[in-house]
Amino acid sequence: MTGRDVALTIAGSDSGGGAGVQADLKTMEALGVFGTSALTGVTAQNTQGVAAIETVSTGVVEAQIRAVVDDFDVGAAKTGMLGSAEIIETVADSLADCDFPLVVDPVMVAQSGDRLLAAEAEETIRETLLPEATLVTPNLPEAEVLTGETITDEQGMRAAAEALVETGPDAALVTGGHLADEKLVDVLYADGEVGTFRKPRRDTANTHGSGCTLSSAVAASLAAGAELDAAVDRAEAVIDRAVRYGLDVGGGDGPVHHSAGLHNGAARYDAVAAVREVVGSLREGDISALVPEVGLNVAVATPYAMGAEEVAAVEGRLHRTSDGIATAGGARLGASSHVARLLLAARAYDPAVTAAANVRLDDCVAAAVGDRFDAVEVDRRSEPGADPTEKREGDTMSWTVERAMDGRESVPDAVFDRGARGKEAMCRLFAGSADELRNRLLELSEAVDPAT
């Protein structure tokens, strides 16, 4: 027999599948935890709004919770949409004798603006459910309701998190997505200390269910035995990826991708194998004419990559030899910094771009690239200098892609520059697949060196 960690979600149903119990169960399963549920209400809902809500009777809510906790070894629970004061009291009473962690997501209003909690029930959450919580995870509007304070900046978030803990929960995580700042910040207050989680603001409207996904990810990790700070840290990574690769389904704001991390992990071997196959083809085709002095690298990203450690490339790059080309090492994830970051920068504009390579540039290569591909030239001499104490690895790659995308809607097939002081002239090729990248490299090699 195979044992599984078990988590319980007590929340409403979202017929659109992006939030509520559906989002919770998808997230728990993606994190390797068996999800159980107690429905508190049913919504007729899609990406554009909520058409109808019907709450479940308190007796049935209690019976569902009892059925789960009497039979399963529940490691943690979370609450979402509860709907009414009576249901909140029922949930609090049903969990009073349970000793597993409880995450409270104080759902009050849907992303569409539709109210999901009766106004008179707000005080009931404060007085009845929050004192039972291990963690409460309000967004800014919810934190304002629960604390009675207006929150306009990070300092206000910190004060709100501390004020919430004073009402009873062990910890509070206030999420800052509603602030207008360029960067997102979430604030955790636990054990008398403040922690912050910062991440880029993603240019997407597909964020439906983000709060449900974050709180259920915390609950799943707690059910698996993680400490609270580790559970929150993992959940923050989960929601960043889920929003980055949100799903464009429906006619309104689509849902986050609850299982992006699961699918990404499953594709890691495929990315490494794809690099190996490309390198094998390049050796047979002898593309030594395209290898720059610094070496040539081939990078293939996993489908939902977030960093260079999730991009497969050639360790040590490809170099010219008297017999053609050779590598210092094999293909592995995280083997490249520059080409991997270049690829990730391009994927920020179009996730369909999955492969990239850097090749030598001279007039012949530039002409061949311009004739065969959608190419953009960038002047590296205009690259702004950076404070050495603030410069991050990969800044040049991001700047190159940003400059190439100026005035464009799609990522070009190639971006090249004539170099700069201390910088070798270089061409970068992009493609939607490893096979497409290989074909472009071989086509370009033949154009530059017909003998190949």
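Model, not experiment: these values are computed from the prediction.

On the basis of which strands lie adjacent, the open sheet formed by nine strands has the order S3-S2-S1-S4-S5-S6-S7-S8-S9 and mixed pairing. Whereas interior strands pair on both sides, the edge strands pair on one side only; in this sheet they are strand S3 (49-55) and strand S9 (193-200). Here strand S6 (residues 135-136) pairs with strand S7 (residues 171-175) via two bridges, running parallel. Bridge pairing in S7 links Leu135 to Ala171. Each of strand S1 (6-14), strand S2 (34-46) and strand S4 (74-79) is contacted by helix H2 (residues 58-71), which is oriented at about 155° to S2, the strand it contacts most. Along the sheet, helix H7 (residues 210-223) contacts S1, S4, strand S5 (102-104), S6 and S7; its crossing angle with S4, the most-contacted strand, is approximately 165°.

It is worth spelling out the confidence of the model for the protein chain at this point. When the pLDDT values of the protein chain are averaged, the result is 91; 94% of them are 70 or greater. Of the regions scoring below 50 in pLDDT, residues 386-394 engages in five contacts with residues more than four places distant in sequence or in other chains.

Summed over the entire model, instances satisfying the criterion amount to two aromatic pairs. Here the aromatic rings of Tyr245 and Tyr304 are separated by 5.2 Å at their centres, their planes lie at 75°, and the arrangement is edge-to-face. Placement of the pair is Tyr245 in the loop between helix H8 (228-244) and helix H9 (260-266) and Tyr304 in the loop between strand S10 (298-301) and strand S11 (311-314), with a sequence separation of 59 residues. Lying across the ring of Tyr245, Arg244 places its NZ or CZ 4.4 Å from the centre.

Here we take up helix H4 (residues 122-129). Side chains three or four residues apart in an α-helix point the same way, a direct result of the helix having 3.6 residues per turn. Along H4, the positions that sit buried rather than exposed are Glu122, Thr124, Ile125 and Leu129. Along the long axis of H4, the arc covered by the buried residues comes to 155°, so they all point the same way. Buried residues along H4 sit against S4, helix H3 (85-95), S5 and helix H5 (140-147).

The next subject is the pattern of salt bridges. Scanning the model with the defined rule gives 22 salt bridges in all. Salt-bridge contacts for Asp186 lead to Lys199; the nearest nitrogen and oxygen are separated by 3.2 Å. Of this pair, Asp186 sits in strand S8 (residues 183-190) while Lys199 sits in strand S9, and the two are 13 residues apart along the sequence. In this pair, the class of Asp186 matches that of Lys199, namely buried.

Before going further, it helps to spend a moment on a negative patch on the surface. There is a patch of like negative charges on the surface, built from Glu62, Glu86, Glu89, Asp93, Glu120 and Glu132. The greatest single-element share of the negative patch, amounting to three residues, is contributed by H3.

Right, let's get into the environment of Leu146. For Leu146, the location among the structural elements is in helix H5. Apart from residues lying up to four places away in sequence, Leu146 is in contact with Pro106, Met108, Glu122, Ile125, Arg126, Leu130, Pro138 and Leu164.

Phi is positive for Asp191, close to 55°, though the residue is something other than glycine. Following the sequence through the fold, Asp191 ends up in the loop between S8 and S9. For Asp191, a relative accessible area of 76% translates into the label exposed.

With that settled, consider the nonpolar core. By size, the foremost hydrophobic cluster in this structure holds 44 residues, and its most contacted members are Leu8, Ile10, Ile65, Val91, Leu129 and Met157. Top contributing element to this core by residue count: H3, with six residues. When residues no more than four places from it in sequence are discounted, the contact partners of Ile65 are Leu8, Ile10, Ala38, Val91, Ser94 and Leu95. Core analysis: the next-biggest nonpolar cluster, separate from the first, contains 40 residues, Val279, Ala357, Ala414 and Phe416 among them.

Below, the discussion takes up the environment of Phe72. Note that Phe72 resides in the loop between H2 and S4. Sequence separation between Phe72 and Val6 is 66 residues, and the spatial gap between their C-alpha atoms is 7.2 Å. Apart from the residues lying within four places of it in its own chain, the contact partners of Phe72 are Val6, Phe34 and Thr36.

About the cut-offs
- Along each chain, residues carry numbers from 1 onward, in the same order as the chain's sequence is written.
- Only residues with pLDDT of at least 70 are given local features in this predicted model, and only at 80 or more are side-chain atom pairs given and counted; all residues enter the totals for whole chains, interfaces and linings.
- For side-chain calculations, the full set of non-hydrogen atoms in the structure is used, while hydrogens and water are omitted.
- By definition, two strands form a pair when at least two bridges between them are found by DSSP.
- Strands here mean DSSP runs of E at least two residues long; helices mean DSSP runs of H or I at least four residues long; both are numbered from the N terminus.
- Whether two residues are in contact is decided by their heavy atoms, any of which lying within 4.5 Å being enough.
- Orientation is described by axes fitted as lines to C-alpha atoms, over the contacting stretch for helices, and by angles from 0 to 180 degrees between their N-to-C directions.
- As a per-residue measure, pLDDT tells how confident the predictor is, with possible values from 0 to 100.
- Between the rings of Phe, Tyr and Trp (Trp by its six-membered ring), a pair exists once the centres lie within 6.5 Å; its type follows the angle of the planes, with under 30 degrees stacked, over 60 edge-to-face, and the other angles tilted.
- Criterion for a charge above a ring: Lys NZ or Arg CZ within 6 Å of the ring centre, and within 35 degrees of the ring normal.
- Exposure classes here rest on a 1.4 Å probe applied to the protein chains alone. A residue is buried below 20% of its type maximum, exposed above 50%, and partly exposed in between.
- The reported arc concerns the directions from the helix axis to the C-beta atoms and nothing else.
- For salt bridges, the criterion is a side-chain nitrogen of Lys or Arg within 4 Å of an Asp or Glu carboxyl oxygen.
- Like charges are joined within 9 Å and nonpolar side chains (Val, Leu, Ile, Met, Phe, Trp, Tyr) within 5 Å, but only among residues with over 30% relative accessible area and no salt bridge; these make up the patches.
- All accessible-area figures derive from a Shrake-Rupley calculation using a 1.4 Å probe, and residue coverage is judged against the displayed protein chains alone.
- Note that His is not counted, nor are the chain ends; the positive residues are Lys and Arg, and the negative ones are Asp and Glu.
- A charged residue contributes its charge at one atom only: NZ of Lys, CZ of Arg, CG of Asp or CD of Glu.
- Residues belong to one nonpolar core when they are buried, are Ala, Val, Leu, Ile, Met, Phe, Trp, Tyr or Cys, and are joined through side-chain atoms within 4.5 Å.

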